[in-house]
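As a plain string of letters, each chain reads:
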Amino acid sequence: MEGNARTLELIYEAAFIPENWQAVLDNIAKAAGAHGTALFNSNDTSTRAIASDSLADLSQKMLGEGWIKRNTRAQKLLMIDHPGFIDEAQYFTEEDYNTQPIFTEVMKPLGYGFGTSTFITAPSGDQMIFAVEKKKVTGPVTPAAISYLDQLRPHLARAAMMSSRLEFERITAAVEALQMSGLPSAVLRGDGRIIGANRLWDEMTPQIVTAARGDVRFHYGPANVLHKQTLEQHRYHGSLASKSFPLPQIEHQPPAVVHTVPVEGSARDIFSNAAVFLIVTPIDRERVPSAETIQGLFDLTPTEAKVARVLATGHDVAAVATHFSVSQETVRSHVKAILAKSGMARQTDFVAAIASMRTI
């Protein structure tokens, strides 16, 4: 079994086009006489994975049921010091296969037996595992298959590391692009530590401070609570977790709205430590659109538009009520109507939308 030029082309194309990793994984499995291939990327905060479509049943178990977080098989594989693909049957016994939960509750019921795998450590410290899975009925991994995969391993390592580096560059470029739009922003890992930020973000002190170990700290106490909750939601719900929350004015800095935006993608996600963007929309009270403009944009009544504009300048419901000499309940009623007409679920989202409409 010899490596072919097309497989190598696919591997190096995947370094620049992450979506192509799926085809690479499929090719590896086919050449090794296996059912499919999975690629895991692990660090001290998370494990991410992509796999051949043929491994959909296994992926559902690993990701959907949380086995990826208690995968004793992967833990052992990462401890094996071998610069190539290993025959897992040499490291796991039949007793392991019949007693360890990862086998008895996941692999065995789906018909999977021992496969072959290798791990690669990236300069970032991430550990990438290529796991080639076989069905039990097809027999063990052959020495010829492992020899073939070992020929591919240096190319897989180079391409995976290139993908990892390019993803970091993409994230950095996105943060810098947000700076050109006048938006302070940072990108965070899943544990909340900053891995990149633009200059405008650094200028948010003391409203926002980068604390020890790269953690984000807000001067406004409730924002810290909301930020922590959002990271927890992201940990369990991924791209479904997003939130916006306000920051009051402090010293020379205007009020602002912080948006938590999940980093999304397909195969490329596996190569990036980035979990979420934090994007800050400062509220410039002198440049908020007029009530008439807001009224026309969202088909509001004149009163609703006036309430919306005062909210957009950074005032809360109580301050708006005082400003118009009405009750807070009246203001809340207007806010409810504003959100219904604008199609937004939260007041902070509407305020952020208005604040982002910079007037000339």
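Residues numbered from 1 in each chain as written. Predicted model: local features only at pLDDT ≥ 70, side-chain atom pairs only at ≥ 80, totals over all residues. Heavy atoms only, no water.

*Asks:* Which residues make up the overall build of the protein chain, and what values go with them?
*Replies:* Within the protein chain one finds 14 helices and twelve strands. Rg of the C-alpha trace for the protein chain: 26 Å, well past the compact-globule value of 21 Å for 360 residues, more than 25% over. Here the C-alpha coordinates of the protein chain stretch approximately 80 × 40 × 35 Å along the principal axes. Expressed as a percentage of the 360 residues in the protein chain, the buried residues total 47%. A sequence separation of at least 24 residues applies to 59% of the contacts in the protein chain between residues at least 6 apart. Surface exposure of the protein chain reaches about 17200 Å², of which carbon and sulfur atoms provide 56%. Looking at the protein chain, you have 34 positive and 38 negative side-chain charges, and the mean spots of the two groups are 3 Å apart. (Helix = DSSP H or I, 4+ residues; strand = E, 2+ residues; numbered from the N terminus. Rg over C-alpha atoms; globule rule 2.2 N^0.38 Å. Buried < 20%, exposed > 50% of the residue type's maximum accessible area, 1.4 Å probe, protein only. Contact = heavy atoms within 4.5 Å. Areas by Shrake-Rupley, 256 points an atom, 1.4 Å probe, with all protein chains shown as cover. Lys, Arg positive; Asp, Glu negative; His and termini not counted. Charge placed at Lys NZ, Arg CZ, Asp CG, Glu CD.)

*Asks:* Explain the packing of aromatic side chains to me, using residue names and the numbers behind them.
*Replies:* Under the criterion given, the structure shown has six aromatic pairs. Arranged with centres 6.1 Å apart and planes meeting at 45°, the rings of W21 and F130 form a pair that is tilted. Separated by 109 residues along the polypeptide, W21 in helix α2 (residues 21-31) and F130 in strand β5 (residues 127-133) bring together distant segments of the chain. With centroids separated by 5.6 Å and ring planes inclined at 45°, the aromatic side chains of Y97 and F103 adopt a geometry described as tilted. Since its relative accessible area comes to 0%, F103 is described here as buried. Taken together through their ring pairs, the aromatic side chains of F92, Y97, F103 and F114 make up a single cluster. (Phe/Tyr/Trp six-rings, centres within 6.5 Å; stacked < 30°, edge-to-face > 60°.)

*Asks:* Describe the environment of V335, with residues and values.
*Replies:* Summarising the element assignment, V335 is placed in helix α13 (residues 328-342). For the pair formed by V335 and D349, sequence separation is 14 residues and the distance between their alpha carbons is 12 Å.

*Asks:* Help me get a handle on the side chain of S185, residues and values and all.
*Replies:* Looking at the element boundaries, S185 is found in strand β6 (residues 185-189). A residue is classified by how much of its surface remains accessible, and S185, at 0% relative accessible area, is buried. Within the structure, S185 has its side chain in polar contact with the side chain of N198 (distance 3.0 Å). Discounting residues that sit within four places of it in the chain, S185 has contacts with V175, L178, A197, N198, W201, L278 and I279. (Polar contact = N/O pair within 3.5 Å; in protein donor to acceptor, adjacent residues only side chain to side chain.)

*Asks:* I'd like a rundown of the nonpolar core, residues and numbers included.
*Replies:* Among the nonpolar cores identified, the biggest contains 30 residues, and W21, V24, L39, F130 and L156 are the most heavily contacted of them. Counting residues per element, the ones that place at least two in this core are α1 (5-16), α2, β5 and α7 (143-180). In terms of residues, this core owes the most to one element, α7, which gives nine residues. Those residues in contact with L156 that sit more than four places away from it in its chain are I11, W21, V24, I28, F85, I120 and F130. (Core = buried A, V, L, I, M, F, W, Y, C linked by side-chain atoms within 4.5 Å.)

*Asks:* Lay out the pairing of strand β11 (residues 256-262) with the relevant residues and their values.
*Replies:* Where burial is concerned, most of β11 is hidden: six out of the seven residues are buried. The pairing of strand β10 (residues 243-247) with β11 spans five bridges and is classified as antiparallel. Residue pairing across strands places P246 opposite V257, the latter belonging to β11. Here β11 runs beside strand β12 (residues 274-282); their pairing, made up of seven bridges, is antiparallel. Within β12, the residue paired with T260 across the bridge is L278. (Pairing = 2+ DSSP bridges.)

*Asks:* How would you explain the sheet that holds strand β4 (residues 116-121) if you had to name every residue and give the values?
*Replies:* The strand order across the open sheet built from five strands is β2-β1-β5-β4-β3, with neighbouring strands paired in antiparallel fashion. On the outer flanks of this sheet lie β2 (47-51) and β3 (86-87), each paired with one strand and no other. Pairing of strand β1 (residues 36-42) with β2, which is carried by five bridges, proceeds in the antiparallel orientation. The residue of β2 that forms the bridge with L39 is I50.

*Asks:* Lay out the pattern of salt bridges in plain terms, naming residues and giving numbers.
*Replies:* Counted by the stated rule, this structure contains 13 salt bridges. For R73, the salt bridge identified is with E88, shortest N-O distance 3.0 Å. Here E88 lies in the loop between β3 and α5 (94-99) and R73 lies in helix α4 (residues 72-77), a separation of 15 residues in the sequence. Assigned by exposure class, R73 and E88 land together as buried. Here the salt bridges share partners, and the residues they tie into one network are R6, E9 and E13. (Salt bridge = Lys/Arg side-chain N within 4 Å of Asp/Glu carboxyl O.)

*Asks:* A description of the environment of P254 should follow, citing residues and the corresponding values.
*Replies:* Structurally, P254 is set in the loop between β10 and β11. A sequence separation of 28 residues divides P254 from P282, and the C-alpha atoms of the two residues are 6.4 Å apart.

*Asks:* Any details on the pairing of strand β7 (residues 194-197)? Residues and values, ideally.
*Replies:* With three bridges joining them, β6 and β7 adopt antiparallel strand pairing. Residue pairing for β7: V187 is matched across the bridge by G196. In textbook terms, the turn of a hairpin is the stretch between consecutive antiparallel strands, and for β6 and β7 this stretch comprises four residues, one of which, G192, has a positive phi near 95°.

*Asks:* Describe the side chain of K135, listing the residues and the values that go with them.
*Replies:* You can see K135 is positioned in the loop between β5 and α7. In terms of polar contacts, K135 uses its side chain to reach the backbone carbonyl oxygen of L110, at 2.7 Å. Beyond its immediate chain neighbours, meaning those up to four positions away, K135 contacts H35, D57, L110, G111, Y112 and G113.

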